[in-house]
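# Structural overview for review
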Amino acid sequence: ALETSLLSATQPATQVLLGKQLGQVLDAVGQTDAAFEAIDRANRLRNLEFNPVAHRSRINDIINGFDPHASHSECTDESPVFIVGVPRSGTSLIEQMLDGHPDVHGAGERGELQMIASHLSEINASTDDLNQLANVYLNRLKPLAQKATRITDKMPDNFLALGEAARLFPNARVIHCIRDPADTGLSVLFQHFKDTIPWATRQEDIAAYVDDYNRLMNFWALNCPLKMLTVPYEALVQHPELWGRRLTAFLGLPFHDAVIQPQNNPRVVRTASFDQVRRPIHTDSIGKFNAYKQYIPRLIA
């Protein structure tokens, strides 16, 4: 049905969407060569533009502009939890797991931190300014779950603004999701993202983006004062209870069995992983890149 529809489709956007769906179906039944051909055709047809040099320059500016002695707010609220990671690295799974805890609310991908960080870059913020901006963020998220003591925000681009997050919320926490870049990149290629992720259609662009992502996260690990827990996707799905306990302990919360049963969580998930989080935690995606090794040499490198 998908192949027939592709033959009659005339709009490029429709061809891309059908091609991505066809690739995913072929992958599911083990026809890897045909699956990658369908995905590659759809990605080339989409023809998004990403400038890796400009992106690297932006990362350089963030690193060079970070001031560890900059003023920070007087906010003592511990509720903000920023889940960061390259898309397809396990961020949705971790948020789904944590949202199962009665004291945690998964707020999804929020845009507030990005907007506040942009504003901070334009002013010489005083402590009062930072207090007000911290309250702006909290006033947007707190009404979503008034009884929650921790609220997660998993906007992917928040990794760019962890310096600003540290100034606003000295007691916030960061959960950093990592995953084999070959598996991550392959999954990104197969996914149909919005145009706001222009690096997601070519393996060379994905590799460049991941390289600079890792460079900035390594910098934050050494220089950002926020508490940070790095969670390897492979270890998480192989030992979910161990990592479920580590995650809840990191958040200062007691363990709860619902954390390792994300498939029972009825919350609405609006990210690309909306279907995967309905399944019990599994290891099926580990090493999936091996079936496509001949097609993704840059991601493997």
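Remember, predicted model here, so these are calculated numbers, not experimental data.

## Observations regarding the sheet that holds strand β5 (residues 227-232)
Ordered by their spatial adjacency, 5 strands build an open sheet running β2-β3-β1-β4-β5, and the pairing between neighbours is parallel. A single partner strand is all that each edge strand has here, and the edge strands are β2 (104-106) and β5. Looking at each pair of strands side by side, their axes are set apart by 20° on average, direction ignored. Pairing between strand β1 (residues 80-84) and strand β4 (residues 173-178): 4 bridges, direction parallel. Along β4, the bridge assignment pairs Ile-83 with Ile-175.

## Some thoughts on the pattern of salt bridges
Pairs can form between side chains of opposite charge once their charged atoms are near each other. Under the defined criterion, the tally for this structure stands at 17 salt bridges. Glu-37 is paired through a salt bridge with Arg-41; the nearest N and O atoms lie 3.1 Å apart. Taken together, the residues Glu-37 and Arg-41, both in helix α3 (residues 32-46) and 4 residues apart, mark about one turn of the helix. For Arg-41, a relative accessible area of 40% puts it in the partly exposed group. Connected through salt bridges with shared partners, the residues Arg-56, Asp-212 and Arg-215 form a single ionic network.

## Topic: the layout of surface pockets
Volume-wise, the second largest pocket comes out at about 630 Å³. In this structure, the second largest pocket is lined by 24 residues; those nearest its centre are Gly-65, Phe-66, Gly-163, Glu-164 and Arg-167. Each residue belonging to the lining of the second largest pocket can be placed in one class, and the counts come to 12 nonpolar, 7 polar and 5 charged.

## Points about the environment of Ala-117
For Ala-117, the position within the fold is in helix α6 (residues 112-120). Excluding anything up to four places from it in sequence, Ala-117 contacts Ala-161 and Glu-164.

## A word on helix α9 (residues 181-190)
Most of α9 is tucked away, with 9 of its 10 residues classed as buried. Residues of α9 that are buried include every one of Ala-182, Asp-183, Thr-184, Gly-185, Leu-186, Ser-187, Val-188, Leu-189 and Phe-190, and no others. Summarising the contacts, the buried residues of α9 are in contact with α2 (12-28), α3, α10 (203-223) and α13 (297-300). Where α9 starts, the residue carrying a side-chain oxygen 2.8 Å from the main-chain nitrogen of Ala-182 turns out to be Asp-180.

## Observations regarding the pairing of strand β3 (residues 150-153)
Burial along β3 is two-sided: Arg-150 and Thr-152 facing one way and Ile-151 and Asp-153 facing the other are all buried. In the sheet, β1 pairs with β3 via 3 bridges, with the strands oriented parallel. Looking at the pairing, Val-81 lines up with Thr-152 of β3.

## So, the nonpolar core
By size, the foremost hydrophobic cluster in this structure holds 67 residues, and its most contacted members are Tyr-137, Phe-159, Leu-168, Phe-169, Trp-199, Leu-216 and Trp-220. With 9 residues, the top contributor of residues to this core is α10. Once you skip the residues sitting within four places of it in the chain, Phe-169 turns out to touch Ser-73, Cys-75, Pro-80, Phe-82, Ala-134, Tyr-137, Leu-138 and Leu-226. Formed by 22 residues, the second largest nonpolar core is a distinct cluster that contains Leu-98, Leu-229, Val-237 and Leu-247.

## A look at the side chain of Asp-27
Along the chain, Asp-27 falls in helix α2. Asp-27 gets classed as buried once you look at its relative accessible area, which sits at 15%. Apart from residues lying up to four places away in sequence, Asp-27 is in contact with Ala-35, Phe-190, Lys-288 and Tyr-292.

## Observations regarding the state of the cysteines
Scanning the entire structure with this criterion turns up 0 disulfides. Summary of cysteine pairing: Cys-75 is not part of a disulfide, and the nearest cysteine sulfur, belonging to Cys-224, is at 15 Å. Note on Cys-75: relative accessible area 14%, which makes it buried. Counting only cysteine sulfurs, Cys-224 is the nearest neighbor of Cys-177, a cysteine outside any disulfide, at a range of 16 Å.

Reading the values: rules and limits
- Residues numbered from 1 in each chain as written.
- Predicted model: local features only at pLDDT ≥ 70, side-chain atom pairs only at ≥ 80, totals over all residues.
- Heavy atoms only, no water.
- Pairing = 2+ DSSP bridges.
- Helix = DSSP H or I, 4+ residues; strand = E, 2+ residues; numbered from the N terminus.
- Axes fitted to C-alpha atoms, helices over the stretch in contact; angles between N-to-C directions.
- Salt bridge = Lys/Arg side-chain N within 4 Å of Asp/Glu carboxyl O.
- Buried < 20%, exposed > 50% of the residue type's maximum accessible area, 1.4 Å probe, protein only.
- 1 Å grid on protein atoms, 1.4 Å probe; cavity = no way out; pocket = protein on both sides within 12 Å on 5 of 7 lines; lining within 4 Å.
- Points joined across faces, edges and corners; volume = space filled by probe spheres on them.
- Nonpolar A, V, L, I, M, F, W, Y, C, P; charged D, E, K, R; others polar.
- Contact = heavy atoms within 4.5 Å.
- Polar contact = N/O pair within 3.5 Å; in protein donor to acceptor, adjacent residues only side chain to side chain.
- Core = buried A, V, L, I, M, F, W, Y, C linked by side-chain atoms within 4.5 Å.
- Disulfide = S-S within 2.5 Å.

Just distances and angles here, no functional claims.
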